[in-house]
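Residues per chain, in single letters:
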Amino acid sequence: MIIDTHCHLGVSKFSGVDTTEEDLIRAMDWNGVQASLVMPQPTLEDISEVHRRIYRASQSYPGRIFGMSSTDPWLDEDSYRNEVNACLSDYGFVALKLHPMGHNISPLSPRCDKIYEMALEHKVPVIVHTGIGNPFSLPSLLIDPAKRYPDVTFILAHAGFAVYTDEAVVAAKYCENIILEPSWCPTYTVRKMVNTIGAERILMGSDHASNLSVELAKFHSIGLSERELEQIFYENPKRIFKLEL
Ligand SMILES: [Zn+2]
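Below is a summary of the structure that appears in this document.

1. Side note on the overall build of the protein chain
Secondary structure assignment for the protein chain yields nine helices and eight strands. Relative to the compact-globule value of 18 Å for 245 residues, the protein chain shows a C-alpha radius of gyration of 16 Å, a close match. For the protein chain, the spread of C-alpha atoms along the principal axes amounts to about 50 × 40 × 30 Å. Considering only contacts in the protein chain between residues 6 or more positions apart, those separated by 24 or more positions represent 72%. Counting 22 positive and 32 negative side-chain charges, the protein chain places the averaged centre of each group 4 Å from the other.

2. Side note on the coordination of the zinc ion
Each donor-metal-donor angle would ideally measure 109.5 degrees in four-coordinate tetrahedral geometry, or 90 or 180 degrees in six-coordinate octahedral geometry. Here the zinc ion is held by the protein donor atoms H6 (NE2), H8 (NE2) and D207 (OD), which lie 2.1 Å from it. For the zinc ion, the donor residues sit on a single chain with the sequence spacing H-x1-H-x198-D. Linking H6 in strand β1 (residues 3–11) with D207 in the loop between α7 (187–197) and α8 (212–220), this pair joins segments that are 201 residues apart in sequence. Across the pair, D207 and H6 agree in class, each one buried.

3. Comments concerning a negative patch on the surface
Residues D76, E77, D78 and E117 make up a contiguous surface patch of negative charge. Its location among the elements puts E77 in helix α3 (residues 77–90). E77 sits in the partly exposed class, given a relative accessible area of 41%.

4. Points about empty space enclosed by the protein
Taken as a whole, this structure holds one cavity of 30 Å³ or more when the rule is applied. By volume, the largest cavity amounts to about 40 Å³. In terms of lining residues, the largest cavity is bounded by D4, C7, L24, A27, M28, S36, S206, H208, A209 and L212. Listed by contribution, the elements that provide at least two residues to the lining of the largest cavity are β1 and α1 (21–31).

5. Side note on the side chain of H208
In this fold, H208 is placed in the loop between α7 and α8. In this view, H208 contacts S15, V17 and W184; residues no more than four positions away in its chain are not counted.

6. Observations regarding the packing of helix α6 (residues 165–174) against α7
The geometry of α6 relative to α7 is characterised by a closest axis approach of 10 Å and an angle of 15 degrees between their N-to-C directions. The angle between α6 and α7 places the two elements in the roughly parallel class. In the crossing of α6 with α7, the sense of the turn from one axis to the other is right-handed. Seen from α6, the contacting residues are T165, D166, V169, A172 and K173; seen from α7, they are T189, K192, M193, T196 and I197. The residue makeup of the contact of α6 with α7, split by class, is four nonpolar, three polar and three charged.

Rules used in this analysis
- Residues numbered from 1 in each chain as written.
- Predicted model: local features only at pLDDT ≥ 70, side-chain atom pairs only at ≥ 80, totals over all residues.
- Heavy atoms only, no water.
- Helix = DSSP H or I, 4+ residues; strand = E, 2+ residues; numbered from the N terminus.
- Rg over C-alpha atoms; globule rule 2.2 N^0.38 Å.
- Contact = heavy atoms within 4.5 Å.
- Lys, Arg positive; Asp, Glu negative; His and termini not counted.
- Charge placed at Lys NZ, Arg CZ, Asp CG, Glu CD.
- Donors = N, O, S within 2.8 Å, 3.2 Å for Na, K, Ca; no water.
- Buried < 20%, exposed > 50% of the residue type's maximum accessible area, 1.4 Å probe, protein only.
- Patch = residues over 30% accessible without salt bridge, like charges linked within 9 Å, V, L, I, M, F, W, Y side chains within 5 Å.
- Areas by Shrake-Rupley, 256 points an atom, 1.4 Å probe, with all protein chains shown as cover.
- Salt bridge = Lys/Arg side-chain N within 4 Å of Asp/Glu carboxyl O.
- 1 Å grid on protein atoms, 1.4 Å probe; cavity = no way out; pocket = protein on both sides within 12 Å on 5 of 7 lines; lining within 4 Å.
- Points joined across faces, edges and corners; volume = space filled by probe spheres on them.
- Axes fitted to C-alpha atoms, helices over the stretch in contact; angles between N-to-C directions.
- Parallel < 35°, antiparallel > 145°, perpendicular 65-115°, else oblique.
- Left-handed = near helix turned anticlockwise from the far one by under 90°.
- Nonpolar A, V, L, I, M, F, W, Y, C, P; charged D, E, K, R; others polar.

Here is the structure:
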C-alpha cells in the first residue's frame, strides 16, 4: 500500500498550477496510491475556504484524502488558533504546515512558536517547506525548533530541494524528531538520506499530481529492499500521521 504525504489542492501563487480533487484521485488511481495528505498551496485564495474544500474532499473520499492545515503564522494568536482548531478538531486534519517562503517567515520567528505549540497540544507533526526561498527555507533552521520541541515531529518537505539536501541530512542526523520527505531531490541524495538516518525516517511525497509517478520511480531506482519500501510508502506515514486506514 502507498501513501502520498505531500499534495495540494487549488492554485499555487508561485507556479500557477491548479490542482482539483479529480486530478488528485486520477493520479492516485493511476499510480496505485491508496491515500493522500492534502493541503492548500501557497496561494492568493481564501485559505479557510480551501481548508473547507479539503475537508469536503476527505468526506467524499473517506480513507483516501486526509487534510493538513496551512494557516498563515502572521495571523494574530486568536485567529490562528481558531483556524487551526477548526482544521484539527472539526475537520480531522492530521498535520500543520509551515511554508517559510509562502508565508514569508523564518521558522525561528517567535510568531512560529504557536505552530509548534499547537502541534504539541494536538499531537500532530509539522511539515516545513525547505530548499527554495532562502534564507527562510534553509533546512538547518529547523534544528532550533526541533531541539526546543523534542516531542514534536518535524517533516522537512523536499528535504532541502536538491541543492540543500546535505544540510537536511545533517539536520535529521542530529535531531531524532526530524523526518525527511525528498520530493524533487536527485536519486543518489535520497539513497544517502536512507543510508544516514534509516528508512524509518523517510516519507514519500509528490507535491504535484504529475510528479507522483516520478517520485515513486525514484524510490524504486535506488536499490531499496522490499522492507524499506514498505516502511517509506506505508508504515512511516501511517505511524507519523496516526492515519486510520
Ligand atoms: Zn508543496
